[in-house]
Amino acid sequence: MAKVKDYLRQDKLPHIWCPGCGDGTILGALIRAVDKLAYDRDNVAMITGIGCSARTNAIVDFNTIQTTHGRALGFATGFKLAKPEMDVIVVTGDGDGSGIGGNHLIHTARRNIDLTTILINNSIYGMTGGQYSPLTPHGYYGTTAPYGNVEYPFDVCELVKAAGATYVARSTVYHVNLLEKLITNALAHKGFSFIEVVSQCPIGFGRRNKMGSPYNMLLWQKEHAVTVQASAKLSAAELKDKFIIGELYVNEERKDFMETYTAMQKQAKESKKGGGKK
Ligand SMILES: Cc1ncc(C[n+]2csc(CCOP(=O)(O)OP(=O)(O)O)c2C)c(N)n1
Ligand code: SF4
Ligand SMILES: [Mg+2]
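Residues numbered from 1 in each chain as written. Chains lettered and ligands numbered in written order. Predicted model: local features only at pLDDT ≥ 70, side-chain atom pairs only at ≥ 80, totals over all residues. Heavy atoms only, no water.

Novice: Whenever I open this one, the coordination of the magnesium ion (ligand 3) confuses me. Can you help?
Specialist: Around a metal, the perfect tetrahedron of four donors has angles of 109.5 degrees, and the perfect octahedron of six donors has angles of 90 or 180 degrees. Looking at the magnesium ion (ligand 3), the protein donor atoms are Asp 94 (OD), Asn 122 (OD1) and Ile 124 (O), and they sit 2.0 to 2.1 Å from it. If you list the donors of the magnesium ion (ligand 3) from N- to C-terminus, the spacing comes out as D-x27-N-x1-I. Here Asn 122 lies in the loop between strand E4 (116-121) and helix H6 (156-163) and Asp 94 lies in helix H4 (residues 94-100), a separation of 28 residues in the sequence. Using a relative accessible area of 2% as the deciding quantity, one classes Asp 94 as buried. (Donors = N, O, S within 2.8 Å, 3.2 Å for Na, K, Ca; no water. Helix = DSSP H or I, 4+ residues; strand = E, 2+ residues; numbered from the N terminus. Buried < 20%, exposed > 50% of the residue type's maximum accessible area, 1.4 Å probe, protein only.)

Take a look at the structure:
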């Protein structure tokens, strides 16, 4: 079993993250999952957009592409179709993945493209200094919400599930062992797998919302997360202000895009007349 540091590009260190940021813990969990599955790292492609979360690919020794803001899933779709034998992982932020890249997220889920997406939800646009995102809770503060966020967030896991994703899960940075397990399962899943990771941005979000130190922010995650199993025994009132962690939805039946596409290609080649109903 290799160590996490064996997967890092030593010449790209130190990384850019602030002390106490959740991004490094998430990258550690991802690397351990890849190592557990004994993936050949030359066969792994990691594709990101823009943001602090996107910088996960700067220091890891996979095949990496940093794309434009919100467009990682578009690039990843093209990449996977061109190189179906490769293991493709997308890391995105709440702004990158659910804001500017929201449309790509919906349609990649709908197509059930066989890749794994990790959306790091730190409730804010961290890299640009703390503007509110589609996942910032109502009433919380940001540079663009000096009197509190007037908007309400949506549940991004429910969104991708409704759009057609076939593996949907949520964890936090605090629940790092669960996170590693979920990433392992997501990577092994055939089809579009999606994990939302509730993370901490002590600089752009925590400070402005008086959430205390990174340690306090981890305690906040611990206190607000409820496992799928525990949530089944709680009433709606007890679940108010809580979020559910674990595997939220798994569908092994629905074929992924490539499987259907390859079968259709074969059929079209065999047919003398070409496409159309027989
Ligand atoms: C087209 C475009 N618009 C805006 C930006 C500026 N920008 C860079 S990072 C970022 C926000 C990223 O937020 P998020 O995805 O939540 O990532 P985080 O930094 O919080 O990890 C923005 C708006 C950009 N780089 N490109
Ligand atoms: S600004 Fe926030 S998300 Fe970005 S590195 Fe610092 S703590 Fe992490
Ligand atoms: Mg963010």
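Novice: How should unusual backbone geometry be read in this particular structure?
Specialist: Trans peptide bonds make up the majority, and among non-glycine residues the majority have a negative phi. The step from Leu 13 to Pro 14 runs through a cis peptide bond, and the omega angle for that step is 5°. With respect to the helices, strands and loops of the structure, Pro 14 is situated in the segment before helix H1 (23-36). The phi dihedral of Ser 123 is positive, around 70°, even though this residue is not glycine. Mapped onto the secondary structure, Ser 123 falls in the loop between E4 and H6. Note on Ser 123: relative accessible area 12%, which makes it buried. We note that Asp 241 has phi near 70°; this positive angle belongs to a residue other than glycine. By the secondary structure assignment, Asp 241 is in the loop between helix H11 (236-239) and strand E8 (243-250).

Novice: What is the right way to read the layout of surface pockets from this model?
Specialist: Empty space among the atoms becomes apparent when a probe as large as a water molecule is rolled across them. For the largest pocket, the calculated volume is near 820 Å³. Lining of the largest pocket is provided by 33 residues; of these, Pro 137, Glu 196, Trp 220, Lys 242 and Phe 243 occupy positions nearest its centre. Among the secondary structure elements, those contributing two or more residues to the lining of the largest pocket are H6, strand E5 (167-172), strand E6 (193-198), helix H9 (214-224) and E8. Put simply, the second largest pocket is a space of about 190 Å³. Examining the composition of the lining of the second largest pocket, we find that 3 residues originate from one element, H4, more than from any other. Residues of the lining of the second largest pocket, tallied by class, amount to 5 nonpolar, 8 polar and 2 charged. (1 Å grid on protein atoms, 1.4 Å probe; cavity = no way out; pocket = protein on both sides within 12 Å on 5 of 7 lines; lining within 4 Å. Points joined across faces, edges and corners; volume = space filled by probe spheres on them. Nonpolar A, V, L, I, M, F, W, Y, C, P; charged D, E, K, R; others polar.)

Novice: Just to check I follow, could you spell out the packing of helix H5 (residues 102-111) against H6 for this structure?
Specialist: Pairs of packed helices are described in terms of their axes, by the angle between the two and the distance that separates them. Put simply, H5 and H6 touch, their axes get as near as 7 Å, and they point 45° apart. One element, H5, and the other, H6, form an angle in the oblique class. Both H5 and H6 take part in a crossing whose hand is right-handed. Where H5 approaches H6, its residues Leu 105, Ile 106, Ala 109 and Arg 110 are matched on the opposing element by Val 156, Leu 159, Val 160 and Ala 163. (Axes fitted to C-alpha atoms, helices over the stretch in contact; angles between N-to-C directions. Parallel < 35°, antiparallel > 145°, perpendicular 65-115°, else oblique. Left-handed = near helix turned anticlockwise from the far one by under 90°. Contact = heavy atoms within 4.5 Å.)

Novice: Explain empty space enclosed by the protein to me, please; I cannot follow it from the model alone.
Specialist: In this structure the tally under the stated criterion is 1 cavity of 30 Å³ or more. Looking at the largest cavity, its volume works out to about 50 Å³. Taken together, Gly 70, Ala 72, Leu 73, Val 90, Thr 92, Asp 96, Gly 97, Gly 101 and His 104 make up the lining of the largest cavity. Elements with a contribution of two residues or more to the lining of the largest cavity: helix H3 (72-82), strand E3 (87-93) and H4. For the lining of the largest cavity, a count of residues per class yields 3 nonpolar, 5 polar and 1 charged.

Novice: Just checking my understanding: could you explain the site of ligand 1 for this structure?
Specialist: By nearness alone, 16 residues border ligand 1, and Cys 52, Ser 53, Asp 94, Asp 96 and Gly 126 come closest of all. Here Asp 94 contributes a side-chain N or O atom positioned 2.7 Å from an oxygen atom of ligand 1. One nitrogen or oxygen atom from the side chain of Asn 122 is found 3.0 Å from an oxygen atom belonging to ligand 1. For ligand 1, the accessible surface in isolation is 590 Å², of which the surrounding protein chains cover 73%. Counting atoms within 2 Å of the grid points, the majority share of ligand 1 lands in the second largest pocket. Counting residues per element, the shell around ligand 1 draws most heavily on H4, at 4 residues. Looking at the shell around ligand 1 residue by residue, the class counts come to 6 nonpolar, 8 polar and 2 charged. (Near = heavy atom within 4 Å. Polar contact = N/O pair within 3.5 Å; in protein donor to acceptor, adjacent residues only side chain to side chain. Areas by Shrake-Rupley, 256 points an atom, 1.4 Å probe, with all protein chains shown as cover. Sits in = over half its atoms within 2 Å of the grid points.)

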